[in-house]
Amino acid sequence: MHPIQSIGYPVHFQNSLPEIKNFISNGNYSKIFVLADSNTEKHCLPLLQPYLPENYDIIEIDPGEENKNIDFCIGVWKNLLDFNAERNSLLINLGGGVITDMGGFAASTFKRGIDFIQVPTTLLAQVDASVGGKTGIDMDHVKNIIGTFTQPKAVFIDSAFLKTLEDCQLVSGYAEMIKHGLIADKKYFDQLKTADPLNIDPALVYRSVEIKNQVITADPHEKGKRKILNFGHTIGHAVESCSLTDKINPLLHGEAIAIGMICESYLSHKINGLIDVELQEVTNAIIKLFPISPITTNNDDLLAVMKNDKKNDNQRIGFALLTKIGECSYDNFVEEDLIVKSLDFYRNLIK
Ligand code: NAD
């Protein structure tokens with residue numbers, strides 16, 4: 001598989017780890033750091049180790065979205081300082097989206113920016129979080145509210161990492177792949193409907209990255225078209241944030257996005273031309289693939305989180321919505337009562 005050229009950097013695929021050795025030896029870096037969480041240190045570092053130089057330092061953090069915050073980020077900065085990281089040091093982010101987002105943010109701000117590469121180890125990070133240059137952390141349970149647009153120097157995707165990933169994490173990552181099909185490629189969506197999320201064909205991962213890359217290279221800073229990648233995320237992020245706060249039913253990112261995609265397909269049907277048959281098709285496909293999770297948070301709390309969403313304009317809640325399967329528009333501002341109806345639509349599915 002050929003590397004995909006992104007915004008000034010290559011995304012390598014399949015058996016890409018030996019490429020890391022070349023990248024490091026060509027980079028003339030004074031110090032190498034690996035940021036991992038306890039799971040990726042255990043399961044993924046042994047796969048990466050043969051391609052690292054003899055001397056490197058590991059920065060390890062606790063796993064989980066609840067740690068994607070300023071306190072843990074300060075911990076990363078302190079480690080870099082303690083290990084005498086210099087301007088020409090390299091940070092290797094070895095992990096899922098939490099590590100690639102927070103590591104990218106820590107690197108992009110330390111000493112006004114040091115180089116970093118992404119080595120995504122979850123399906124979600126491979127098809128989504130590691131590509132596109134969005135870095136960030138959460139604050140006060142608002143997702144990714146602090147962050148930068150900073151591109152990595154390279155991304156290395158290798159399916160070997162997925163072998164130790166829990167099934168629920170594979171299914172979670174699959175949600176973003178479904179999203180790529182829904183917003184840009186009906187044929188790809190049809191392929192995904194019948195593929196097995198627990199046994200992913202690397203060609204599907206490649207196609208997802210291709211779609212994401214086409215969108216982000218056209219609009220790196222999300223002034224316009226890139227907003228279509230947020231399909232399912234306005235409601236999905238609110239459901240995810242609230243589920244993390246109330247801790248009754250903490251959802252994985254992809255599980256929340258699956259809920260968001262159903263609700264936002266309903267909105268797409270009501271105001272953006274998505275025909276009823278396609279609303280049913282999307283709903284059925286998602287329900288078949290994802291465990292149906294109840295939304296336990298009340299509507300007011302969900303709407304309050306949505307009002308903090310970065311996609312809003314003058315307090316109006318903004319959505320990327322499908323016009324049909326494989327096509328999406330952005331900057332659709334939706335009234336609160338219709339948003340509530342979309343949540344009811346989802347809730348009624350599981351009655
Ligand atoms: P995650 O990073 O928390 O990883 C999920 C779990 O899997 C963690 O417990 C981790 O330790 C473990 N893990 C990782 N790789 C493993 C492996 N190979 N074997 C065994 N265990 C492994 O979560 P995620 O789902 O990868 O990422 C979610 C995050 O990504 C969210 O914070 C979301 O906001 C972010 N995200 C960012 C973007 C972006 O464009 N920057 C896009 C989508 C999502």
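This structure is a prediction, so every number in the text was calculated from the model and none was measured.

Draft legend 1. Summary view of the site of the ligand. The local shell around the ligand holds 26 residues, among which Asp37, Glu65, Lys68, Thr122 and Thr164 are the closest. In the model, an oxygen atom of the ligand is placed 2.8 Å from a nitrogen or oxygen of the lysine 143 side chain. Within the backbone of phenylalanine 161, an N or O atom sits 2.9 Å from a nitrogen atom of the ligand. Counting residues per element, the ones that place at least two in the shell around the ligand are α2 (38–43), α5 (97–109), α6 (123–129) and β8 (142–149).

Draft legend 2. A look at the environment of isoleucine 271. Residue position: isoleucine 271 is located in helix α11 (residues 253–271). In this structure the C-alpha to C-alpha distance between isoleucine 271 and phenylalanine 333, which are 62 residues apart in sequence, comes to 10.0 Å. Excluding residues that lie within four positions of it along the chain, isoleucine 271 makes contacts with Leu321, Val334 and Leu338.

Draft legend 3. Examining the pairing of strand β5 (residues 90–95) more closely. The element β5 is extensively covered by neighbouring structure, given that six of its six residues are classed as buried. Both faces of β5 are covered, namely the face carrying Leu90, Ile92 and Leu94 and the face carrying Leu91, Asn93 and Gly95. Where β5 meets strand β6 (residues 115–120), six bridges bridge the pair, whose relative direction is parallel. Across the sheet, the residue bridging to asparagine 93 is glutamine 118, located in β6. Chirality of the crossover, the property in question, places the unit of β5, α5 and β6 among those that are right-handed.

Draft legend 4. Spatial organisation of the pattern of salt bridges. Within the structure shown, the criterion is met by 19 salt bridges. Notably, a salt bridge pairs lysine 143 with glutamate 65, separated by 3.0 Å at the nearest N-O pair. Residue lysine 143 is located in strand β8, and its partner glutamate 65 is located in the loop between β4 (57–61) and α4 (70–82); the two are separated by 78 residues in the primary sequence. Here lysine 143 falls in the buried class, since its relative accessible area comes to 6%. For glutamate 65, a relative accessible area of 18% corresponds to the buried category. Here lysine 193 ties to aspartate 190 by a salt bridge, and the two come within 3.4 Å at their closest N and O atoms. Placement of both lysine 193 and aspartate 190 in helix α8 (residues 186–194) is noted, with a separation of three residues, approximately one turn of the helix. A residue is classified by how much of its surface remains accessible, and aspartate 190, at 30% relative accessible area, is partly exposed. Among the charged side chains, a salt-bridge network with shared partners connects Glu65, Lys68, Asp101, Asp138, Lys143 and Glu240.

Draft legend 5. Fine view of the side chain of serine 208. For serine 208, the position within the fold is in helix α9 (residues 202–218). Those residues within four positions of serine 208 in sequence are excluded, and the remaining contacts are Val127, Met177, His180 and Tyr188.

Draft legend 6. Representation of the state of the cysteines. Scanning all chains against the criterion turns up zero disulfides. We note that cysteine 168 lacks a disulfide partner, and the nearest cysteine sulfur, in cysteine 44, lies 15 Å from it. For cysteine 168, a relative accessible area of 32% gives the class partly exposed.

Draft legend 7. Representation of the nonpolar core within the structure. One finds Val11, Met177, Leu182 and Ile235 to be the most contacted residues of the largest nonpolar core, which totals 71 residues. Element by element, the count of residues in this core is highest for α11, at nine residues. One finds Leu90, Ile92, Ile117 and Val119 within the second-largest nonpolar core, a separate group that totals 20 residues.

Draft legend 8. Local environment of the pairing of strand β3 (residues 32–37). Most of β3 is tucked away: six of the six residues are buried. Pairing analysis gives five bridges linking β3 to β5, with the strands arranged parallel. Within β5, the residue paired with phenylalanine 33 across the bridge is leucine 91. Both β3 and β4 contribute to a ladder of five bridges, which runs parallel. When the bridges of β4 are listed, alanine 36 appears paired with glutamate 60.

Conventions adopted
- Residues numbered from 1 in each chain as written.
- Predicted model: local features only at pLDDT ≥ 70, side-chain atom pairs only at ≥ 80, totals over all residues.
- Heavy atoms only, no water.
- Near = heavy atom within 4 Å.
- Polar contact = N/O pair within 3.5 Å; in protein donor to acceptor, adjacent residues only side chain to side chain.
- Helix = DSSP H or I, 4+ residues; strand = E, 2+ residues; numbered from the N terminus.
- Contact = heavy atoms within 4.5 Å.
- Buried < 20%, exposed > 50% of the residue type's maximum accessible area, 1.4 Å probe, protein only.
- Pairing = 2+ DSSP bridges.
- Right-handed = clockwise from strand over helix to strand, strands pointing away.
- Salt bridge = Lys/Arg side-chain N within 4 Å of Asp/Glu carboxyl O.
- Disulfide = S-S within 2.5 Å.
- Core = buried A, V, L, I, M, F, W, Y, C linked by side-chain atoms within 4.5 Å.

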